[in-house]
Amino acid sequence: FESRFVSIFCFSTTQVVEAAVANSMLWLLVGCVLAVDVGCVWSVATPSETSEDARELGEALEAGDECRAGSSDSGQQSCGLSAVQLRGQRRSHLGTESGYEAAPAHKFGWMQSERCAGTELHELAFVVRPRSLAQLQEVALDRTNPCSPNYRKWLSRTEVSDLTRNEQGLLELRAHLRAHAPEAAILHASRDGDLLRVRAPVATWESLLSTEFFVYKHEEHNSTILRSHSYLLPGALKEHVSGVLQAINFEQFLPKTMPGIDLNTGSRDTQQPLFSAMSWDNFTELQASKGPSLVSPTKLHKIYNMPAVAERGSDLAKMQAKTSQVVFGTINEHWSPSDRTRFEEAFGIPQDNYVKQLSGQTEGFSMSGDAFCRQNSSHCGEANLDVQYMMAMSPWTQIGYWYVPHGRPVSFVDDFMAQLVDEDHPPQVISISYGMPESQVPSAALDLFECLAMKLTLQGTTILVASGDWGAASNLVLTYECSFVPLIGLQVWWPASSKWVTSVGATVGPASGQPEVVCQSNYTGPSTDGKAPSITSGGGFSQALAKPAWQEGVHNESSRGVPDLSLLGHNFAMVLGGRWRTMDGSSAPAPVLGGMLSLINSELIAAGRPTVGFLNQLLYATSSRSIFSDVTEGDNRCASLGAPCCGGYDAGPGWDPVTGLGSIDWQKLRDAIMAAKV
């Protein structure tokens, strides 16, 4: 098999190693995984009482999917994942055509407890396949191809619905539930019927999905959920249902910028962004302390060749006010209006525009609060950063903060993505600074996100996602260190790995007049004034999504490569809790790029032309290479500051899985978009 991972682990040559490649995924099903070449003592994982698990264990043992003796449930040693889990992990991402899906091996601290009572109610979400996925992809590729006569001829909300709505599938799902789950109550159906949320007693789901549900507890968060080890869709549903959410998913969305320091106590908090624990009274003091590498809106405008901010009341300002952009927020992230005002005052940014509060269910749901952010700074960093810098790049654009309370995929895809798709006029630019390791995402959620992203693409929306802050291995290093890598591979970040988003990585250097290099936690060169960044920009290759057409000839892998481009992501000045601080992370360049694109959208709209929409086919076109400054120095082998280095990739000439195509020149990007024949 290809030697994709650089000097990570050594395998015993006396044991059998099965390398299976499916959908461009490299899975190592290892009879014995060793950090050094030593003898092996076989150990059998204990199966659950279900016959399905027993059969899975038998198949796993036949394939040699075992861990060596001494493995621990915590995963701290060389193998902490059971044979059944590993096999389920592989099958999960081979797709859900079989109707079977297993829980991921890593459960983010959720521990199995007792069996659920059969009478307990539990909500599941059934993901309905689009009427013709192939046709949807074909149309989306055609409308985003600069060489097509249909380039950027976006569809209306009704046209998109007509193209994708699977009325027959939805009817059959409802009929099957009435016949085999009469106790089930349908709570919500998305406008296009992509997602059906249903509540029923646990016993009903166990019978329908051939599974068993257990109570899982999370001590740190003092909470419980109901989940199963795996599920199997009834044969009658496989044609129209791609999977079920809230059955086997244990994931939790996390800010890109992590791990971090609790700003109130100074203690380590692995679920909050990494902002400087030090603070300053004003920007002048911050600038004197941080030196030339400090990033501000003024520097970003200069570095990326952006135009000056439009004057209040000018025709240009009025033109830009016709554009729209949205920041996604979750997991109790608030933003502060007074912090935003103070930030804008320092850089002469107009303060006339206001952030519209949005949620997945109801407009006017507020997650803003000055007092809250003064008292709980660690819960305002990500939202403040996104709002302040997206507005700084395009201050006259209408901006919304769309908040989803629960950071799980079912909330993300239904309360955010599906709600946006349901809008007659969705926002023209979306910035997302959250995600999780791709292997932790249920296949059904992956499929649904791709479908919804294509729908937004066909309506002219640009989706930007930060590439992650743990290098090529993801935040799994915080639990397993490097032991998971030879088992399930390096982990690209999702939804940055989606084929229908533009993923954005982080660099350092130009702020201090130095060459642009990778933002990585083990770099202390002149580009960072000798101080190591707190994060390492994420990147790599998907294990679930095939290489998109527009990456053909760009790299030799058969799967989606991440990121697509990169911008500065180190030492960003911001106001947080009334004080000036700095921040590192790929979650900074994503909203920055979003604001840049809103400026271009305003020109397009003023000229009576369609919005930018999906960027990638244009970016990867040979004729667009002059837009970029290539970044060829650095790598993403190490995770965030203080976390282990588990392997990764090097930056190099052309596209690479660290910085993508490089960083952009705004004027050249604008010219390329305006010159495209539409």
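Considerations on the environment of Leu478
Structurally, Leu478 can be placed in helix 15 (residues 477–480). Under the relative-accessibility criterion, Leu478 is labelled partly exposed at 32%. Expressed as a C-alpha distance, the spacing of Leu478 and Ala643, which sit 165 residues apart in the sequence, is 6.9 Å.

Digging into the sheet that holds strand 10 (residues 213–218)
If you trace the 3 strands from one edge of the open sheet to the other, you get 6-10-11, paired in antiparallel fashion. One side of each edge strand has no neighbouring strand; the edge strands of this open sheet are strand 6 (111–115) and strand 11 (223–228). Taking each pair of neighbouring strands and ignoring which way they run, the sheet shows an average axis angle of 40°.

With respect to the pairing of strand 29 (residues 572–576)
Regular strands have side chains that alternate between both faces of the sheet. Buried residues dominate strand 29, accounting for 5 of its 5 residues. Residues Phe572, Met574 and Leu576 of strand 29 are buried on one face, and the alternating residues Ala573 and Val575, pointing to the opposite face, are buried as well. In terms of strand pairing, strand 29 meets strand 30 (residues 579–583) through 5 bridges, oriented antiparallel. Across the sheet, the residue bridging to Phe572 is Met583, located in strand 30. Between strand 29 and strand 30, which pair antiparallel in sequence order, lie 2 residues; one of them, Gly577, sits at a positive phi of approximately 65°.

Overview of helix 3 (residues 133–143)
Taken as a whole, helix 3 has its buried residues at Leu136, Val139, Ala140 and Arg143. Down the axis, helix 3 shows its buried residues gathered within 100° of arc, on one side only. Residues of helix 3 that are exposed and point more than 90 degrees away from the buried face comprise Ala134 and Glu138. Check the buried side of helix 3 and you find it contacts helix 4 (157–164) and helix 14 (443–458).

Remarks on the confidence of the model for the protein chain
In the predicted model, the protein chain carries a mean pLDDT of 81, and 79% of its residues have values of at least 70. Taken as a whole, residues 1–96 scores under 50 in pLDDT and shows 190 contacts with residues more than four places along the chain or in a different chain.

Analysis parameters
Position numbers for residues count from 1 along each chain, tracking the sequence in the order it is written. This being a predicted model, a pLDDT of at least 70 is required before a residue's local features are given, and a value of 80 or more before pairs of side-chain atoms are given or counted; all residues contribute to the totals for chains, interfaces and linings. Excluded from the side-chain calculations are hydrogens and water; all other atoms, namely the structure's heavy atoms, are used. Helix and strand assignments come from DSSP, with helices taken as H or I runs of at least 4 residues and strands as E runs of at least 2, each series counted from the N terminus. For every residue, the accessible area (1.4 Å probe, protein chains only) is compared with the maximum for its type, and the residue is labelled buried under 20%, exposed over 50%, or partly exposed between those bounds. The pairing criterion is simple: DSSP has to find at least two bridges between the two strands. Axes here mean lines fitted to C-alpha atoms, for a helix over just the part in contact, with angles spanning 0 to 180 degrees between N-to-C directions. This arc corresponds to the set of directions leading from the helix axis out to the C-beta atoms. Any two residues whose heavy atoms approach within 4.5 Å are treated as being in contact. The predictor rates its confidence in each residue with pLDDT, a number between 0 and 100.

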